[in-house]
Amino acid sequence: MAQAILAGGCFWCTEAVFRDVIGVSDVESGYIGGTVAHPTYKQVCSGSTGHAEAIRVTYDEDVVSYGELLDIFMATHDPTQLNRQGNDIGTQYRSAIFPLDDHQRAEAEAAIVRAQEDREQPIVTTLEGPAEWYPAEDYHQEYWEGEGQRNPYCLAVIPPKLQKLRKSFAAKVKA
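Residues numbered from 1 in each chain as written. Predicted model: local features only at pLDDT ≥ 70, side-chain atom pairs only at ≥ 80, totals over all residues. Heavy atoms only, no water.

Undergrad: So, the overall build of the chain: which residues are in play, and what are the values?
TA: Along its length, the chain carries five helices and eight strands. If you list the helices and strands of the chain from N to C, you get β-α-β-α-β-α-β-β-β-α-β-β-α. Taken over the C-alpha trace, the chain has a radius of gyration of 15 Å; the compact-globule value for 175 residues is 16 Å, and the two agree within 12%. A principal-axis box enclosing the C-alpha atoms of the chain has dimensions of 35 × 35 × 35 Å. Here the chain holds 175 residues, and 48% of them are scored as buried. Within the chain, contacts between residues separated by at least 24 positions form 75% of all contacts whose residues are at least 6 apart in sequence. Within the structure as shown, the chain displays about 8,400 Å² of accessible surface, and the carbon and sulfur contribution to it stands at 50%. Averaged over its 15 positive side-chain charges, the chain has a centre that lies 6 Å from the centre of its 26 negative ones. (Helix = DSSP H or I, 4+ residues; strand = E, 2+ residues; numbered from the N terminus. Rg over C-alpha atoms; globule rule 2.2 N^0.38 Å. Buried < 20%, exposed > 50% of the residue type's maximum accessible area, 1.4 Å probe, protein only. Contact = heavy atoms within 4.5 Å. Areas by Shrake-Rupley, 256 points an atom, 1.4 Å probe, with all protein chains shown as cover. Lys, Arg positive; Asp, Glu negative; His and termini not counted. Charge placed at Lys NZ, Arg CZ, Asp CG, Glu CD.)

Written as structure tokens, this is what we have:
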């Protein structure tokens, strides 16, 4: 099993998307790229720690490649928005990829080039790291499957992302 760390705005939203991708066995929400050890959600939301809300995806490379995960990532958030996703504003909502090795870094660079081909606005997704990963508090894990179904923000933002996943990457969606 391999891992990928991606930051594309609210981690509840990116987690919901990647839980539906075939070959993905686990998605953990967390924080990465900041200056405070073991930050809390409240600290990260303040924007003062430098962390991004991110997900750590565990996946089977024989089923879905890192490049395919990156293409899904780029298509299911807006990589042209600097330090925000929609109404979520701040560096904690930045678009970033945290490559875990040189191969992932090269794949991430190529994915940004591919994503730029389909957009007029420049991609602002950054390549960061290495950086320490901190799992988010338990109540953030699998959020869409529980509390998210009653959260108006999630109900407005997540279904369009899932629809885009199912439409653009039908062959990569769990049944």
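Undergrad: Could you give me a rundown of the sheet that holds strand S7 (residues 126-127), with the residues and numbers involved?
TA: If you walk across this open sheet you meet the six strands as S7-S6-S1-S3-S2-S8, and the pairing is mixed. Whereas interior strands pair on both sides, the edge strands pair on one side only; in this sheet they are S7 and strand S8 (133-135). Examined bridge by bridge, strand S1 (residues 2-8) and strand S3 (residues 52-59) share five bridges and lie antiparallel to one another. Looking at the pairing, leucine 6 lines up with isoleucine 55 of S3. Strand contacts of helix H1 (residues 11-18): S1, strand S2 (24-32) and S3, with the helix running at about 165° to S2, the strand carrying the most contacts. (Pairing = 2+ DSSP bridges. Axes fitted to C-alpha atoms, helices over the stretch in contact; angles between N-to-C directions.)

Undergrad: Outline the pairing of S2, supporting the account with residue identities and numerical values.
TA: Burial analysis of S2 places seven of its nine residues in the buried class, the great majority of the element. Strand direction decides the pairing type here: S2 and S3, joined by eight bridges, are antiparallel. Note on S3: the bridge partner recorded for glutamate 28 is arginine 56. Here S2 pairs with S8 via three bridges, running antiparallel.

Undergrad: Tell me about the side chain of aspartate 20, and name the residues and values.
TA: Within the element layout of this structure, aspartate 20 appears in the loop between H1 and S2. Excluding residues within four positions of it along the chain, aspartate 20 makes contact with Leu162, Leu165, Arg166, Lys172, Val173 and Lys174.

Undergrad: Explain the packing of H1 against helix H5 (residues 152-168) to me, using residue names and the numbers behind them.
TA: Where H1 contacts H5, the two axes come as close as 9 Å, and the packing angle between them is 35°. Crossing angle aside, the handedness with which H1 passes H5 is right-handed. On the side of H1, the interface is formed by Trp12, Cys13, Ala16 and Val17, while H5 contributes Tyr153, Cys154, Val157, Ile158, Lys161, Leu162 and Leu165. Taken together, the residues of the contact of H1 with H5 break down into 10 nonpolar, no polar and one charged. (Left-handed = near helix turned anticlockwise from the far one by under 90°. Nonpolar A, V, L, I, M, F, W, Y, C, P; charged D, E, K, R; others polar.)

Undergrad: Hey, could you go over the pattern of salt bridges for me, with residue numbers and the actual values?
TA: Here the structure, examined in full by the defined rule, presents nine salt bridges. Between glutamate 15 and arginine 19 there is a salt bridge whose closest N-O contact spans 3.5 Å. Neither glutamate 15 nor arginine 19 differs from the other in exposure class; each is buried. Notably, a salt bridge pairs arginine 114 with aspartate 71, separated by 2.8 Å at the nearest N-O pair. With a gap of 43 residues between them, arginine 114 in helix H4 (residues 102-117) and aspartate 71 in helix H3 (residues 66-75) connect regions that are remote in the sequence. On the basis of relative accessibility, which here comes to 31%, the residue arginine 114 falls in the partly exposed class. The structure contains a network of salt bridges with shared partners spanning Glu15, Arg19, Glu142 and Glu145. (Salt bridge = Lys/Arg side-chain N within 4 Å of Asp/Glu carboxyl O.)

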